[in-house]
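Examination of the molecular architecture
The residues making up each chain are set out below.
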Amino acid sequence: MAKRASPSGAAFKAGLGAGGDWGSAVKACMNSLEPLPEGANLGLLYATDALAGDVSSILTFLREKTRIEHWAGNLGFGVAGCGVEYHDQAALAVLVAALPEDSFRVFEPVVETDDGLKDLMAAHGPWLNRQKPVFAIAHGDPRHEAIAEIVDQVAGQTSVFLAGGLTASRAEQLQVADRVTEGGLSGVFFGSGVNVATGLTQGCSPIGQSHTITEAEGNVIMAIDERPALEVFKEDIGDILAHDLRRVSGYIFVGFPVIGSDTGDYLVRNLTALDLAKGSISVGEMVEPGQRVMFCRRDHGAAQDDLRRMLRDVKKRAGGSAKAAVYFSCIARGRNLFGENSEELKLIRDELGELPLAGFFANGEISNNRLYGYTGVLAVFL
C-alpha cells in the first residue's frame, strides 16, 4: 500500500535505550531523542516485557520530559530501533512525531465486535468523516478470542489500512492509548494528509502446491484433495521428514492463501497435532471444506530474500520521501530466524538507510484487516 499526496510537513525522531531498570532505560532513550522535533505532538512507545510493571512510570516520565500529550504503544518480547534489537532486558524504543494539527487520533481498546465499533464511531466518527484516514497503527491483545474479528471489523468500518502487532509479554498484557490499558485493539488513526507506504514480509516459504480441504471439522483437517490429510502432508514435506515426524515441530507450518491478494499473501498457522491413526492434522485455525491450504517451512535464506524484496519495493514506492518507519516483527523472527546480532534490523537499515525507526517483536502481526504470524510488517512515513 502506498498513499501519495502533498508533503505532510511531518518531522520525526527515534530513541532507543536499555538499562538495568526502567529509570536507566528511559533516560538512555530520552538522551537519544533530544533534541525533539519542534512541535512534537505524538509518541509511539514500545517496551520489552521486562518493563511491564513500569509502563505507567515510563509514560509519566516521557510525558513530563517531552510535553507530548498523546501516546500509543505496546509490550514485546523485544524492541527494535534503526539497525538494533534488544531482547531479554529492560529496553525501550520510541518514535516521536510533529504532525499537522488534528491529523491523528489515538483510540482506546475496542473490546467487542459490533457494540465496540459503535463506541469507536461514537467517539471518533466526526473526526473520521472529516479527516478520512487511510492508515492506522494498531496494538492488540492476543488473549482476546475475537481479536482477529475485531481487527477485520475496525479496518472495514473505518476504511483504513492497519499495521501493528499483538502484545508479547510474559507478565501483564498492556497497551498504551493515551494511558496504560489492556484488552481488545487500540492504536492511532492518521488523517489522509499523513502519507505512508507499507509492506509485508513472510518468514515461512511454501513447499509443494496449494490444495483444497475436502473434509474438516473445527480445527481438524481430515481430507485434502479427497485424500487423507496426513498422506498429502507427508508427500509435500518429503521423505526425510515424513519418516521422522518429530522433526516437523517448529519447522513445518500450515499456510492459508489470502483470497484476492495480488501479492500471493498467505496466513501462516501452527500445526498443533498429527493423528497417525486417523490420518488427520490439527492446526491453529478454524477450517472448513473448500478452503485452500498449503504447507510451509521456516527458512532463513528465503526469509532474508523476502525481506529484501519487500524493503526494495517499499523504498521504490517511497520515492526518496521516507522520513521514519515503524516495524512489527514476529517473536519467531529476529534472533530466532535471522541471528543474534540484530541481523533483521540491520537488513532494514542497509536498504532504507538511517531512518528514525521504532517497533517491537509481537505475538501476531497486523497488516490491513488480517492477523498474520511469522511475518514482518513495515510502515514508512513519507
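Each residue is numbered by its place in its chain's sequence as written, counting from 1. The predicted origin of the model limits local features to residues at a pLDDT of at least 70 and limits the giving and counting of side-chain atom pairs to 80 or more, whereas totals for whole chains, interfaces and linings rest on all residues. The basis for every side-chain value is the complete set of non-hydrogen atoms in the structure, without hydrogens or water.

1. Examining the confidence of the model for the protein
Do not read the fine detail of predicted coordinates wherever pLDDT is low. Basically, it comes down to this: Known as pLDDT, the predictor's confidence for each residue is given on a scale from 0 to 100. Any two residues whose heavy atoms approach within 4.5 Å are treated as being in contact.
Across the protein, pLDDT averages 95, with 97% of residues at or above 70. Within the model, the stretch residues 1–7 combines pLDDT values under 50 with 22 contacts to residues more than four positions away or in other chains.

2. Brief notes about the sheet that holds strand β25 (residues 370–372)
Here is the rule we go by: One bridge is not enough; two strands pair if DSSP finds at least two bridges between them. Secondary structure counts use DSSP, requiring at least four H or I residues in a row for a helix and at least two E residues in a row for a strand, with both numbered from the N terminus. Lines fitted to C-alpha atoms define the axes here, with helix axes fitted over just the stretch in contact, and angles between the N-to-C directions of these axes take values from 0 to 180 degrees.
Taken in spatial order, the six strands make up an open sheet running β7-β12-β8-β9-β24-β25, and their pairing is mixed. Edge positions in the sheet fall to β7 (104–110) and β25, since each of these pairs with one other strand and no more. Strand-to-strand, the axes of this sheet are offset by a mean angle of 20°, without reference to chain direction. In this structure, β7 lies alongside strand β12 (residues 185–190), joined through five bridges in antiparallel fashion. Counted as the bridge partner of R105 is F189 from β12. Packed onto the sheet, helix α3 (residues 115–131) meets β7 and β12 and runs at close to 175° relative to β7. Where helix α4 (residues 147–158) meets the sheet, its contacts fall on β7, β8 (135–140), β9 (161–166), β12, β24 (365–368) and β25, and the angle it forms with β12 comes to roughly 20°.

3. Thoughts on the sheet that holds strand β13 (residues 196–202)
Strand order in the open sheet made by the six strands is β5-β4-β23-β22-β26-β13, with mixed pairing throughout. Strand pairing shows two members of the sheet lacking a second neighbour, β5 (84–87) and β13, which therefore form its edges. Averaged over all adjacent pairs, the angle separating strand axes in this sheet is 15°, with direction ignored. Strand direction decides the pairing type here: β13 and strand β26 (residues 375–381), joined by seven bridges, are antiparallel. Across the sheet, residue Q202 finds its bridge partner in β26, namely T375. Seen against the sheet, helix α7 (residues 300–318) touches β13, β22 (324–330) and β26 and runs at an angle of roughly 170° to β13.

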